[in-house]
2 protein chains.
Amino acid sequence: MKLGNFVAGRWQEGNGQGRALRSAVDGQPVATIDSSGVDFAEVIAHARSVGGPNLSRLTFHERGDRLKALAQFLLQHKKEFYELSTRTGATRADSWIDIDGGISTLFVFSSKGRREMPNDVVYLDGPPEALSKNGSFVGQHVYTSRPGAAIHINAFNFPCWGMLEKLAPTLLAGVPAIVKPASSTAYLTELMVRRIIESGILPPGALQLICGGVGDLFEHLTCQDSIAFTGSKTTAEMLQAHPRVVSESVPFTAETDSLNASILGPDAVPGTPEFDLFVKEVTREMTSKAGQKCTAIRRIIAPSSVSADLVRALSDALGNIRIGDPASKDVDMGPLASHEQQREVRARVAELAQEAEIVYGGLDDFDLLDADPKLGSFFMPTLLHCEKPLRESAVHSTEAFGPVSTILTYDTLDEAVELARLGEGSLAGSIITNDDTVARELVLGTAAYHGRMLILNRHCAAESTGHGSPLPHLVHGGPGRAGGGEEMGGVRGVLHYMQRTALQGTPETLTNIGHRWIRGSEQKDPGVHPFRKTFEQLELGDTFVSESRTVTLDDIEHFANFTGDHFYAHMVEEDARRNPFFEGRVAHGYLIVSFAAGLFVDPDFGPVLANYGVDDLRFLQPLNAGDSLTVRLACKQKTLRGDTGYGEVRWDAEVTNQDDEIVAQYDVLTMVATNEHWNSVRNETT
Amino acid sequence: MKLGNFVAGRWQEGNGQGRALRSAVDGQPVATIDSSGVDFAEVIAHARSVGGPNLSRLTFHERGDRLKALAQFLLQHKKEFYELSTRTGATRADSWIDIDGGISTLFVFSSKGRREMPNDVVYLDGPPEALSKNGSFVGQHVYTSRPGAAIHINAFNFPCWGMLEKLAPTLLAGVPAIVKPASSTAYLTELMVRRIIESGILPPGALQLICGGVGDLFEHLTCQDSIAFTGSKTTAEMLQAHPRVVSESVPFTAETDSLNASILGPDAVPGTPEFDLFVKEVTREMTSKAGQKCTAIRRIIAPSSVSADLVRALSDALGNIRIGDPASKDVDMGPLASHEQQREVRARVAELAQEAEIVYGGLDDFDLLDADPKLGSFFMPTLLHCEKPLRESAVHSTEAFGPVSTILTYDTLDEAVELARLGEGSLAGSIITNDDTVARELVLGTAAYHGRMLILNRHCAAESTGHGSPLPHLVHGGPGRAGGGEEMGGVRGVLHYMQRTALQGTPETLTNIGHRWIRGSEQKDPGVHPFRKTFEQLELGDTFVSESRTVTLDDIEHFANFTGDHFYAHMVEEDARRNPFFEGRVAHGYLIVSFAAGLFVDPDFGPVLANYGVDDLRFLQPLNAGDSLTVRLACKQKTLRGDTGYGEVRWDAEVTNQDDEIVAQYDVLTMVATNEHWNSVRNETT
């Protein structure tokens, strides 16, 4: 099988012989890889001129819908992905992380996009900024899609997840992707891309695939393109220093090497649930995916007082791991990805052994299930133990990308912090303790060195996703050795593919650009009460100004008696006066908003369906008996909810007193029917 | 005068002869600069071991207090800064931007820090993320201070503002700074640093100053340090490629060259206020600070139909600019910073003149007020005109860092967008139009190429801060040629000096780390009603669970009649049923929160002073007549308000029905008295 490149809307095989890719299990050829003959100028031009426009004209919600459809489609095809995945050395559990884990990333980003981003193409970053005294000049930060391409360079260990975790935020950002998988497992990525393209769910140009070298691709990049790299720090440094990347300030993010640490708290002595959890977590991180995870635990930081117990417990647990053909149900751990990796890991273990003693594993000859050690690239789980780790360096800097980890002992929490920091930047760290004081001290001491940290104890163990699992909700990446990059983290990861810009202008202009009404913008007369208008009929700025109502002392007392809220500031003149904020009895805040609703609500059956909430309510001025209140309601933001028949309408509410002072400001959240829904409901009655 | 270096808590002069710095006005020596002999390992060690710990143990509010005190202190000393500033070539108006503008940055960051950040050392990024079904395992993103140093490398044009705009967010982040000003105007920075150190307001180690080369400083950097650079793209590229910066992934941000464009809308023809505003804006941007601003307008993008009028109007306006000794009140524009700059700008104009015609200025001989053209580095404002700008390149890539700008003409909006994009990334762009449709089209087409964009029209002109003014509230920086960096933007700029980390664990553990109570954490029994406790006595998690109250149809009708809110969903059974969300008449949302307050409020005079707002109120389940409600209130977050005698206490409120379904969730915001205040108020009565 010759892998295809998907470029400029067509499948194209390389011109040359290509390089053979071999099964990790038995060394048999699986496919050949070759990108020679690909016109990389055409690839990037296609992304910019076809993919970008196709994606960026969809709203965030529409893009989210595509991601969900794609996830559902891939779920239907997962059987063939699982089958091919065993050739990479993955057990069923490993494939679950790669395939189901990757697909779930699409689901989460779909959901985040539709719940946390607007049904629009501009993302608003924070509230407007007041920049002038009279309010004619304001600021608003926005994010817009970069009109370029995202180059994704992925690692060999997760051929599906590695593509999808980058693809989901990129597509949600409205940016087309050019995916380059690592060669050794590219055949699985290629299969998944074939299915994605066949589905027709993504718009043309949104996704291209390069199996093999990227030729002169980098020569064509501009500041509107971006690179997201996962792999070795050495390669990252080379790419980052590419003259074009430097001269164009091409946004570059990298996930690279990482000597991730897991710290056992001093409270977690043998016999505690936490000690057992630690042993289980370390064992799983060492052996899952044969330790070929950027986030795996490489450094086991434990109190010196328990290190003998720990060596014993971990050796026992590792001894129970069955190694062999990953297609076999009885096998817990498969081979490394290739013989090259096998040689590489062996060399790294030799380096580590200069500073640490091998206390388990490290043998070339060990039992295999249904597999031939000469054909497959198997590696025995190997545990090392370093007694004076503060004095050593290789144990903190040498990443053996396999089932290898080193115990480093500490005597004080300060030492544990110092050891964690010696990793010089990691993707993931963990702390196993049932003492939150210990947790806080270790987190504050080491968080700046980590992209993600897990604090594990008996209370969350059953639901914990584990040390090594990046989650689409949370950022993935880390400082220093880990590359200094960041991906995922929900909307955070989407924004990495967009440009933040501070806009300045009149409230009106910025309302017209960002589609969120800003105070000071035009207050339009909708002709009718805005509650008479359907979702489509409502325009931003449609405004209702109420009659005014005087609040009496009777009202306040009545409200108190009715609701039961007899708080002294409302009820006892003398006590209210002793309060630094009031000059006497004041109306309840809830009275103010209740009366305001009584003033702005249009009661008759109509397209406004429900008030589902209130945001950012602030009482800015006390309201005393005898004061009167008026409310101004303006249509602030509209978010259509797919084809449910309604959409969210956010109203800007402002309550003023008889002196035009602002008493309260807030957003009222309503659901409003669409034309279609409203017409159908209305017709049911007539 | 020999400039001092402030290192490791002491002033230290260079060992060598140093280099003479000369006045831009008359070429007379002002100072010598020299950092030879400085031990840069000591500098960075001092920042890490003294400055970092001193700053990071202060809360964001305490750091904000220091910034405010510093701003007030510097205001008192501004006379001597203004006096010295004239030697740099700055007019009084130029110095106002540099000195008062710089000080105001401190004020804004102080205010942002105290209003938008917690009174704590950990900054919470977003709400908790639900990661598990039963809620025992959640996520929370936090930012913590990097335990390293921030290296600030500043440009010559704004020796005060350039330092302060970087210093304010850095110190607020809890990170010590090492400031290296550009040599030619370093004497003014040095004077301001002397005053800052004398004030004693900043803790030891928070600020160090290097006047001259930075020697082997970069060799000592790690991933916890960072570099913020302002200057030429060439220098930025060199620094960014430093082996240590690359190998340690040292966070690096740069503001560099920028061919900023200002676009005149097609509606803004001669005779409109916008045409006149455009002429004024361009003239100011060309001549303010003699055009030596990274944000100045270098490319004037205008409809070809008005270009003749524009050349005339701009030539007239530039002809009125009086050039000479910046100390003279009659002078509008001073000299360039040095003869070197003068030669440099002259060379760049020659390059531009290959593609564009000089239509104003460009002469070596021109009138000066109170100044000698041979001694000072004066430069005549120079306007060029390019008729086929889409075919040219130098006009889009050559930055003449002086009073020089080029008119580029367009025929369609698409062409205007294309011309703006040819700048390949800018710090600031502007659009002058009174047509918001034009504004939206141009912004969506070009925002991704800009860090900041001003949309100027007649309505905001009086309050506009202008094309070229970065504001502390808004991000400053831009993609591509502009360096790909970002600074300021309020809290955004602070976070660039901190590390974002995703934490995972039990709600309880994350509450203990982030000091914001997360649902699922322990609900503590405070012994008394929590409204009886002072600010200090309250603990996160202190919980009150109310009695329950049944809501009757009478209650709903009574509430409707009392408030005037007769919305059909509450009043008309048949209409309510037609609503997709309800199965019959439902209670008002405001009734629910009012009754909830009646249930949770403890009425007697006490330390709780006021309810000042509500956040994130969501009605999750309709409440029908006959349902009952119970409310659970838990102390969620405490924010002491300096020495006002009170602090903000945020309560997590959850209203449930008789089936334990959640009816409503929200945050109640209260002001609560401190012990001291409460004791004094209570004693007044007894």
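Our next topic: the overall build of chain A. If you tally the helices and strands in chain A, you get 21 helices and 26 strands. Here the C-alpha coordinates of chain A stretch approximately 90 × 60 × 55 Å along the principal axes. Once local pairs closer than 6 in sequence are excluded, the contacts in chain A between residues at least 24 apart make up 74%. Accessible surface, chain A: about 23500 Å² in total, of which carbon and sulfur atoms supply 48%. Side-chain charges of chain A comprise 62 positive and 90 negative groups, with the mean position of each set lying 4 Å from the other.

What follows is about the packing of helix α17 (residues 553-563) of chain A against helix α17 (residues 553-563) of chain B. Two numbers describe how α17 of chain A lies on α17 of chain B: the axes approach to 12 Å, and their chain directions differ by 165 degrees. It follows that α17 of chain A is roughly antiparallel to α17 of chain B by the angle criterion. Where α17 of chain A crosses over α17 of chain B, the handedness of that crossing is left-handed. Only Asp-555, His-558, Phe-559 and Phe-562 of chain B of α17 of chain B make contact with α17 of chain A, whose side of the interface consists of Asp-555, His-558, Phe-559 and Phe-562 of chain A.

What follows deals with the side chain of Ser-521 of chain A. All names here are of chain A. Along the polypeptide, Ser-521 turns up in the loop between α16 (507-514) and β22 (543-550). A polar contact is formed between the side chain of Ser-521 and the side chain of Thr-511, at a distance of 2.8 Å. Here Ser-521 is in contact with Pro-507, Glu-508 and Thr-511, once residues within four sequence places are set aside.

Each side of the interface is counted separately: chain A has 132 residues, and chain B has 132 residues. For the pair chain A and chain B, the summed buried area comes to about 10800 Å², and 57% of that belongs to carbon and sulfur atoms. The largest share of the area that chain A buries against chain B comes from Glu-463, Phe-562 and Tyr-590 of chain A, three residues that together contribute 8% of it. Where chain A meets chain B, there are eight salt bridges. Where Arg-500 of chain A meets Glu-486 of chain B, a salt bridge forms, and the shortest distance between an N and an O atom there is 2.6 Å. Where chain A packs against chain B, one counts 74 residue pairs in polar contact (both at pLDDT 80 or more). Looking at the side of chain A that touches chain B residue by residue, the classes come out as 55 nonpolar, 45 polar and 32 charged. Here strand β21 (residues 498-505) of chain A runs beside strand β18 (residues 450-456) of chain B; their pairing, made up of three bridges, is parallel.

Here we come to the relation of the copies chain A and chain B. Its rotation angle being 180 degrees, the transformation that places chain A on chain B also includes 0.0 Å of axial translation and leaves an RMSD of 0.0 Å. In the structure described here, the two chain copies are related by an operation that fits a two-fold rotation axis. Within chain A, Asp-615 of chain A has its C-alpha nearest the rotation axis, a separation of 2.6 Å. Both copies contact each other with a shared surface, as 100% of the interface residues of chain A are interface residues in chain B too.

Before going further, it helps to spend a moment on the sheet that holds strand β12 (residues 261-264) of chain B. Ordered by their spatial adjacency, 10 strands build an open sheet running β5(A)-β6(A)-β21(A)-β18(B)-β17(B)-β12(B)-β13(B)-β16(B)-β15(B)-β14(B), and the pairing between neighbours is mixed. With partners counted over all chains shown, the strands left at the sheet margins are β5 (123-130) of chain A together with β14 (357-360) of chain B, one partner each. Each strand of the sheet is rotated relative to its neighbour by a mean of 25 degrees, with strand direction disregarded. As paired elements, strand β6 (residues 138-145) of chain A and β21 of chain A share eight bridges and run antiparallel to each other. Looking at the pairing, Gln-140 of chain A lines up with Leu-503 of chain A of β21 of chain A.

So, on to the packing of aromatic side chains. Any aromatic ring pair is given by two values, namely how distant the centres are and how the planes are angled relative to each other. If you walk through the whole model with that rule in mind, you get 30 aromatic pairs over all chains. When the centroid spacing of 5.0 Å and the interplanar angle of 50 degrees are considered together, the rings of Phe-6 of chain A and Trp-11 of chain A count as tilted. Looking at Phe-6 of chain A, the relative accessible area reads 8%, which means it is buried. Owing to a relative accessible area of 30%, Trp-11 of chain A belongs among the partly exposed residues under this scheme. Look at Phe-567 of chain B and Tyr-568 of chain B: their rings are 4.6 Å apart centre to centre, the planes differ by 40 degrees, and that puts the pair in the tilted class. Summarising the burial analysis for this pair, Phe-567 of chain B and Tyr-568 of chain B share the class buried. Through pairs of rings, three or more aromatic residues link up here, namely Phe-531, Phe-600, Phe-605, Trp-651 and Trp-678 of chain A together with Phe-567 and Tyr-568 of chain B. Across from the ring centre of Phe-60 of chain B, 4.9 Å away, lies the NZ or CZ of Arg-63 of chain B, which sits over that ring.

On to the confidence of the model for chain A. Predicted coordinates in areas of low pLDDT are best not read in detail. Per-residue confidence for chain A averages 97 on the pLDDT scale, and 100% of its residues sit at or above 70. In the predicted assembly, ipTM is 0.97 and pTM is 0.97.

Time to look at the side chain of Thr-506 of chain B. Mapped onto the elements, Thr-506 of chain B comes out in the loop between β21 (498-505) and α16 (507-514). Here the side chain of Thr-506 of chain B touches Thr-509 of chain B through a polar contact of 2.9 Å, side chain to side chain. Leaving out residues up to four positions away in the same chain, Thr-506 of chain B has contacts with Ile-455, Asn-457, His-459 and Cys-460 of chain A together with Ser-136 and Val-138 of chain B.

For the rest of this paragraph, the subject is the domain arrangement of chain A. By the assigned domains, chain A splits into domain 1 (4-121 + 146-253), domain 2 (261-462) and domain 3 (523-685). Using only C-alpha atoms to locate each centre, domain 1 of chain A and domain 3 of chain A end up separated by 48 Å.

Below, the discussion takes up the state of the cysteines. The tally for this structure, following the rule as stated, stands at zero disulfides over all chains. The thiol sulfur of Cys-223 of chain A is not disulfide-bonded, and the nearest other cysteine sulfur, from Cys-294 of chain B, lies at 17 Å. On the basis of relative accessibility, which here comes to 2%, the residue Cys-223 of chain A falls in the buried class. Note on Cys-160 of chain B: no disulfide assigned, nearest cysteine sulfur contributed by Cys-211 of chain B at a separation of 12 Å.

About the criteria used
Residues numbered from 1 in each chain as written. Chains lettered and ligands numbered in written order. Predicted model: local features only at pLDDT ≥ 70, side-chain atom pairs only at ≥ 80, totals over all residues. Heavy atoms only, no water. Helix = DSSP H or I, 4+ residues; strand = E, 2+ residues; numbered from the N terminus. Contact = heavy atoms within 4.5 Å. Areas by Shrake-Rupley, 256 points an atom, 1.4 Å probe, with all protein chains shown as cover. Lys, Arg positive; Asp, Glu negative; His and termini not counted. Charge placed at Lys NZ, Arg CZ, Asp CG, Glu CD. Axes fitted to C-alpha atoms, helices over the stretch in contact; angles between N-to-C directions. Parallel < 35°, antiparallel > 145°, perpendicular 65-115°, else oblique. Left-handed = near helix turned anticlockwise from the far one by under 90°. Polar contact = N/O pair within 3.5 Å; in protein donor to acceptor, adjacent residues only side chain to side chain. Buried area = accessible area lost by both parts, 1.4 Å probe. Salt bridge = Lys/Arg side-chain N within 4 Å of Asp/Glu carboxyl O. Nonpolar A, V, L, I, M, F, W, Y, C, P; charged D, E, K, R; others polar. Pairing = 2+ DSSP bridges. Least-squares fit on C-alpha atoms with pLDDT ≥ 70 in both. Phe/Tyr/Trp six-rings, centres within 6.5 Å; stacked < 30°, edge-to-face > 60°. Buried < 20%, exposed > 50% of the residue type's maximum accessible area, 1.4 Å probe, protein only. Lys NZ or Arg CZ within 6 Å of the ring centre and 35° of its normal. pLDDT = per-residue confidence, 0-100. Domains from an automatic or database assignment. Disulfide = S-S within 2.5 Å.

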